[in-house]
Amino acid sequence: MTKADIKSWNRKELEEFIVDRGEKPFRARQIYAWLHQRQAASFQEMTDISKDLKEQLAKSCELTVLRQERRQISTIDGTRKYLFALADGAMIESVLMRYKHGNSVCISSQAGCRMGCRFCASTLDGLVRNLTPAEMLDQIYRISSDIGERISNVVVMGTGEPLDNYENLLKFLELLTDQWGLHISQRNVTVSTCGIVPRIRELAEKKLQITLALSLHAPNQQKRLELMPVANKYELHEVMEACWYYFEQTGRRVTFEYALAGGVNDRESDARELAELLGGLNCHVNLIPVNPIRERKFQQPNGNVIQKFKNKLEKYGINVTIRREMGRDIDGACGQLRRRYTSGGGE
Ligand code: SAH
């Protein structure tokens, strides 16, 4: 019999399970607090739960706790990269970034990815599997326990396409922002997508206060197709309409990510075309100098070109920032730490 995934349950589901076993509902609240507030790593730790109930729980439930395989700490800015092993041996990567305004964790939503973006290391070996809500949450819990500090911001921008694991993502968001759990404010959560149009629309209708980040990377359909296979399925104009819809439904300003690659999408004419594409939408552009991966030939433009690109967008009234590189000394592109340990892909 497969065991129940207790950490992926909301309070109502946990309560049903506990009451079915003849216990009082408040027991479920205690257990929920152990799981999601105190971030317990075992049932034994739950000191105010009877031995008998703990044994029952251990027999019928799986407690998802990620195992830390590797940790790299930047001496420049304190950024930490973690490689975690899941129960079945799959590996995932998560990153802690320390800012003045608080700790931010970047989590993975899938082991691997099937989206195939040309510049991305995480997709080179395809999708292994979706992560459960508990596996997404526990990346944050383990990192918070590791540093002994609270996490205030979460970005779903690690390996995987979150909207390709949509139901689990929604459950994860519910648990993450629940007042009886870690209680992270929806406004401090960002979900990044390569542009799965129907899911963006569904998410918009949930009217959550989370930030949608759209990985754009090109100012027109033709260029986007060269970089992102997902553009075969959803054309740029449909993606843009979905972003407008997201803003209309939620009132949340959309973030556009744009990885600048030398000679690919970094000309001033690209900036102008991008400004026209975004014109009128309440949005923010994040320029990311592409992180070169050894399997592909992409290169970062020089600083001058990046600055010019930014200035051009600003001239058209677009809000834009150049993403500060964090933890430059600890690794290359996202997904490379994991890749080194799963396929011998790195050095
Ligand atoms: N699948 C989601 C989230 C994971 S990728 C998405 O596509 O948004 C997180 C962000 O990193 C995306 O904007 C992605 O395009 C970008 N990215 C991936 N590889 C990169 C690289 N080598 N250099 C710069 N940005 C990269």
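Nothing here was measured: the structure is a model prediction, and the numbers come from that model.

Undergrad: Would you mind going over the site of the ligand with me for this structure?
TA: Residues in contact with the ligand amount to 17 residues; listed here are only the nearest, Phe119, Ser192, Ser215, His217 and Asn291. Separating a nitrogen atom of the ligand from a backbone N or O atom of phenylalanine 119 is a distance of 2.9 Å. In isolation the ligand offers 520 Å² of accessible surface; the protein chains occlude 93% of this area. Those elements that provide at least two residues to the shell around the ligand are strand 10 (189-193) and strand 12 (254-260). Tallied by class, the residues present in the shell around the ligand amount to 8 nonpolar, 7 polar and 2 charged.

Undergrad: What am I meant to see in the packing of helix 1 (residues 11-20) against helix 2 (residues 25-36) here?
TA: The relative placement of two packed helices is expressed as an angle between their axes plus a distance between the axes. Two elements in contact, helix 1 and helix 2, have axes whose closest approach is 8 Å; the angle formed by their N-to-C orientations is 130°. The angle between helix 1 and helix 2 places the two elements in the oblique class. Crossing of helix 1 over helix 2 shows right-handed handedness. Residues Arg11, Leu14, Glu15, Ile18 and Val19 of helix 1 touch helix 2, and the partners they reach there are Pro25, Arg27, Ala28, Arg29, Ile31 and Tyr32.

Undergrad: Is there a simple way to think about helix 3 (residues 51-60) in this case?
TA: Residues three or four positions apart in an α-helix share a direction because the helix packs 3.6 residues into each turn. Residues of helix 3 that are buried include every one of Leu53, Lys54, Leu57 and Ser60, and no others. Taken end-on, helix 3 shows its buried residues confined to a sector of 145°, consistent with a single buried face. Opposite the buried face of helix 3, at more than 90 degrees from it, the exposed residues are Lys51 and Lys59. Considering only its buried residues, helix 3 is in contact with strand 1 (4-5), helix 1, helix 2 and strand 2 (61-62).

What counts as what
Here the residue numbers are simple positions, counted from 1 along each chain's written sequence. Reporting in this predicted model follows two pLDDT cut-offs: at least 70 for local features of residues, and 80 or more for side-chain atom pairs to be given and counted; totals over whole chains, interfaces and linings ignore these cut-offs and use all residues. Values shown for side chains rest on all heavy atoms present in the structure; no hydrogens or waters enter the calculation. One heavy atom within 4 Å of a molecule or strand makes the whole residue count as near it. Any N or O atom pair separated by 3.5 Å or less is treated as a polar contact, with the protein-specific requirement of one donor-capable and one acceptor-capable atom, and with residues adjacent in sequence counted only for side-chain atom pairs. Shrake-Rupley sampling with a 1.4 Å probe provides the accessible areas, and residues are treated as covered by the protein chains on show and by no other component. Counting from the N terminus, the helices are the DSSP runs of H or I reaching at least four residues and the strands are the DSSP runs of E reaching at least two. Residue type decides the class: Asp, Glu, Lys and Arg count as charged, Ala, Val, Leu, Ile, Met, Phe, Trp, Tyr, Cys and Pro as nonpolar, and the leftover types, Gly among them, as polar. Think of each axis as a best-fit line through the C-alpha atoms, taken over the contacting stretch in the case of a helix, with angles from 0 to 180 degrees between the N-to-C directions. Comment on the angle field: the value is read as roughly parallel under 35 degrees, roughly antiparallel over 145, roughly perpendicular from 65 to 115, and oblique elsewhere. Crossing handedness is read from the near helix: turned anticlockwise from the far helix by less than a right angle, it gives a left-handed crossing, and turned clockwise, a right-handed one. Contact criterion: two residues are considered in contact whenever any of their non-hydrogen atoms come within 4.5 Å of each other. For every residue, the accessible area obtained with a 1.4 Å probe (protein chains only) is divided by the maximum for its type, and the residue is called buried under 20%, exposed over 50%, and partly exposed between those limits. The directions from the helix axis to the C-beta atoms are what the arc is built from.

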